[in-house]
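Structural overview
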Amino acid sequence: MLDLVEDAMNDDIPLTDTLNGARHHAEDMLGVPSAYGILVEAEAAAQIVQAAGLDAGSPFGLAIAQGLAGIEQLPVEQQQKLVRAAARRYAITAPSRSTALPASAPPRPAAGRSR
């Protein structure tokens, strides 16, 4: 999602304009049901705020909105740098998308045997 935001910002569109509505691409890009796209958008916003060295706080608090409002005051080029930094950091720290196989269960005792 951060890559999408960065690409859209290459047209000199400010961060908040680009980020607003990114949720609508979550289903196509990530396979996330559209009803949960807002969570993807909020996570992207939090990552950008954290890349700016600000506290993102709770996804439901005011810290992300306040952080984005401050970032929006920066020149678009600096906003783009923050989005790139967030994307790099997220790529390093994000959990793997591969599905791990569950550990096999221990063998069951044979029928008719008891201790």
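A few points on the structure. Note that the structure is a prediction, hence the values are computed from the model and not measured.

1. Looking at the overall build of the protein chain
A count of helices and strands for the protein chain gives six helices and zero strands. Start at the N end of the protein chain and walk to the C end: the helices and strands fall as α-α-α-α-α-α. Relative to all contacts within the protein chain whose residues are 6 or more apart in sequence, the contacts with residues 24 or more apart total 53%. Summed over its atoms, the accessible surface of the protein chain is roughly 8000 Å², and 55% of this surface lies on carbon and sulfur atoms.

2. Regarding the pattern of salt bridges
Pairing between side chains of opposite charge can happen when the charged atoms of each approach one another. Enumeration according to the criterion identifies two salt bridges in this entry. A salt bridge links Arg84 to Glu6; the shortest N-O distance between them is 2.7 Å. Residue Arg84 is found in helix α6 (residues 76-93), and its partner Glu6 is found in helix α1 (residues 2-9); the two are separated by 78 residues along the sequence. Glu41 serves as the salt-bridge partner of Arg23, at 3.0 Å between the closest nitrogen and oxygen. Placement of the pair is Arg23 in the loop between α2 (15-19) and α3 (26-30) and Glu41 in helix α4 (residues 37-51), with a sequence separation of 18 residues. Looking at Glu41, the relative accessible area reads 9%, which means it is buried.

3. Structural notes on the packing of α1 against α6
In contact at an axis separation of 9 Å, α1 and α6 are set at 160° when each is read in the N-to-C sense. Between α1 and α6, the crossing angle belongs to the class labelled roughly antiparallel. Seen along the crossing, α1 lies across α6 with a hand that is left-handed. Along the contact surface, α1 presents Leu2, Asp3, Val5, Glu6 and Met9, while α6 presents Val76, Gln79, Gln80, Val83, Arg84, Ala86, Ala87 and Tyr90.

4. Re the environment of Met29
Structurally, Met29 can be placed in helix α3. Its relative accessible area of 39% is what places Met29 among the partly exposed residues. Each C-alpha atom of the pair Met29 and Met1 lies 7.7 Å from the other, and the pair is 28 residues apart in sequence. Leaving out residues up to four positions away in the same chain, Met29 has contacts with Met1 and Leu4.

5. Comments concerning the nonpolar core
In terms of nonpolar packing, the biggest core is built from 23 residues, with Leu15, Ile48, Ile64 and Leu68 touching the most fellow members. When residues of this core are traced back to their parent elements, those giving at least two are α1, α2, α4, α5 (63-72) and α6. With six residues, the top contributor of residues to this core is α4. Ignoring anything within four residues of it in the chain, the contact list for Ile48 reads Leu2, Leu15, Ile71, Leu82, Val83 and Ala86.

6. Some points on α1
Listed as buried for α1 are Leu2, Val5, Glu6 and Met9. Each buried residue of α1 sits inside an arc of 100° when the element is viewed along its axis, so together they form one side. Buried positions along α1 lie against α2, α4 and α6.

7. Quick notes on the side chain of Glu41
Polar side-chain contacts of Glu41 include one of 3.2 Å to the backbone nitrogen of Ala22. In contact with Glu41, not counting residues within four places along its chain, are Leu19, Asn20, Gly21, Ala22 and Arg23.

What counts, and at which threshold
- Residues numbered from 1 in each chain as written.
- Predicted model: local features only at pLDDT ≥ 70, side-chain atom pairs only at ≥ 80, totals over all residues.
- Heavy atoms only, no water.
- Helix = DSSP H or I, 4+ residues; strand = E, 2+ residues; numbered from the N terminus.
- Contact = heavy atoms within 4.5 Å.
- Areas by Shrake-Rupley, 256 points an atom, 1.4 Å probe, with all protein chains shown as cover.
- Salt bridge = Lys/Arg side-chain N within 4 Å of Asp/Glu carboxyl O.
- Buried < 20%, exposed > 50% of the residue type's maximum accessible area, 1.4 Å probe, protein only.
- Axes fitted to C-alpha atoms, helices over the stretch in contact; angles between N-to-C directions.
- Parallel < 35°, antiparallel > 145°, perpendicular 65-115°, else oblique.
- Left-handed = near helix turned anticlockwise from the far one by under 90°.
- Core = buried A, V, L, I, M, F, W, Y, C linked by side-chain atoms within 4.5 Å.
- Arc of directions from axis to C-beta.
- Polar contact = N/O pair within 3.5 Å; in protein donor to acceptor, adjacent residues only side chain to side chain.

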